[in-house]
Amino acid sequence: MSTPAEPFAATGRCLCGDVSWGVAGRLPRVGFCHCSLCRKASGTGSNAVLSVRPEHFVWLSGEDKVRGYALASGWSTSFCGRCGCPAPLLGGEGRWFVPAGSLDGQPDLKVSGHIFVADKPAWAVIGDDSPQFPAWPPQG
Ligand SMILES: [Zn+2]
Ligand SMILES: [Zn+2]
């Protein structure tokens, strides 16, 4: 198992600092999911994640502090066991879903798109012109 070489393109950490990680390579675009589950997990109108290839992701601290919650459907979320901040989650397709809002500083990120826009509350206004999909995967 190789570790991505530093310096990372971005690093991130939770509120208390127990959990931290690095992302190597070119930073992927940020994707937003507005489904009712991601809204609950984030507490706002969507989540915002980078889908990171496994060879570009490394834990810097606190992997053992990460807790998770999964539904029978397979949907799951993960968070710091101490401060509750969303934490990177290894998705079913082998990519890491990295919470964009927990990255350190202001990395230059572009938006890839929005999914489950049909579930988006009216007060959550999309402010970019990236593609929008009512559900996911796209129907028809
Ligand atoms: Zn924490
Ligand atoms: Zn979602």
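No experiment lies behind these values; they were computed from the predicted model shown. (Residues numbered from 1 in each chain as written. Chains lettered and ligands numbered in written order. Predicted model: local features only at pLDDT ≥ 70, side-chain atom pairs only at ≥ 80, totals over all residues. Heavy atoms only, no water.)

**Q** Any details on the sheet that holds strand β1 (residues 10-13)? Residues and values, ideally.
**A** Read from one edge to the other, the open sheet built from three strands follows the order β1-β2-β5, with strand pairing classed as antiparallel. Two strands close off the open sheet at either side, each with one partner strand: β1 and β5 (57-61). The mean angle between the axes of side-by-side strands here comes to 25°, regardless of whether they run parallel or antiparallel. As judged from the four bridges shared by β1 and strand β2 (residues 20-23), these two strands associate in the antiparallel manner. Within β2, the residue paired with Gly12 across the bridge is Trp21. (Pairing = 2+ DSSP bridges. Helix = DSSP H or I, 4+ residues; strand = E, 2+ residues; numbered from the N terminus. Axes fitted to C-alpha atoms, helices over the stretch in contact; angles between N-to-C directions.)

**Q** I'd like a description of the coordination of the zinc ion (ligand 2), backed by residues and values.
**A** In the first shell of the zinc ion (ligand 2), the protein supplies Cys33 (SG), Cys35 (SG) and Cys38 (SG), at 2.1 to 2.3 Å from the metal. One chain supplies every donor to the zinc ion (ligand 2), and in sequence these donors are spaced C-x1-C-x2-C. (Donors = N, O, S within 2.8 Å, 3.2 Å for Na, K, Ca; no water.)

**Q** Please set out the coordination of the zinc ion (ligand 1) residue by residue, giving values where relevant.
**A** Within the protein, the atoms that donate to the zinc ion (ligand 1) are Cys14 (SG), Cys16 (SG), Cys80 (SG) and Cys83 (SG), at distances of 2.3 Å. Counting residues between consecutive donors of the zinc ion (ligand 1) along the chain gives the motif C-x1-C-x63-C-x2-C. By relative accessible area, Cys16 is classed as partly exposed at 28%. (Buried < 20%, exposed > 50% of the residue type's maximum accessible area, 1.4 Å probe, protein only.)

**Q** Run through the sheet that holds strand β3 (residues 30-33), naming residues and quoting values.
**A** Judged by pairing direction, the sheet is mixed, and its five strands sit side by side in the order β8-β9-β4-β3-β10 without closing on themselves. Where the open sheet ends on each side, the last strands, each with one partner, are β8 (89-90) and β10 (111-115).

**Q** So what about unusual backbone geometry? Which residues, and what values?
**A** The omega angle of the peptide bond from Trp136 to Pro137 is -5°, so this bond is cis rather than trans. Mapping Pro137 onto the fold places it in the segment after β10. The phi torsion at Phe116 lies on the positive side, around 55°, for a residue other than glycine. Looking at where Phe116 falls in the secondary structure, it is placed in the segment after β10. Given a relative accessible area of 22%, Phe116 falls into the partly exposed group.

**Q** Give a description of the side chain of Ser46 that names residues and reports values.
**A** With respect to the secondary-structure elements, Ser46 resides in the loop between α1 (36-42) and β4 (47-52). Given a relative accessible area of 13%, Ser46 falls into the buried group. In this structure Ser46 touches Phe32, Cys33, His34, Cys38 and Arg39, once residues within four positions along its chain are discounted. (Contact = heavy atoms within 4.5 Å.)

**Q** Tell me about the environment of Ala124, and please be specific about residues and values.
**A** For Ala124, the position within the fold is in the segment after β10. By relative accessible area, Ala124 is classed as buried at 11%. Measuring from C-alpha to C-alpha, the distance between Ala124 and Leu15 comes to 24 Å, with 109 residues separating the pair along the chain.

**Q** Pulling in residues and values, what's your account of the packing of aromatic side chains?
**A** Each aromatic ring pair is described using two quantities: the centre-to-centre distance and the angle formed by the ring planes. For the structure shown, the criterion picks out four aromatic pairs. Look at Trp59 and Trp96: their rings are 5.5 Å apart centre to centre, the planes differ by 90°, and that puts the pair in the edge-to-face class. With Trp59 in strand β5 and Trp96 in strand β9 (residues 96-99), the pair connects residues that are 37 residues apart, well separated along the chain. Across this residue pair, the class does not change: Trp59 and Trp96 are buried. Where Phe133 meets Trp136, the ring centres are 5.1 Å apart and the plane angle is 75°; that geometry is what we call edge-to-face. Looking at Phe133, the relative accessible area reads 25%, which means it is partly exposed. (Phe/Tyr/Trp six-rings, centres within 6.5 Å; stacked < 30°, edge-to-face > 60°.)

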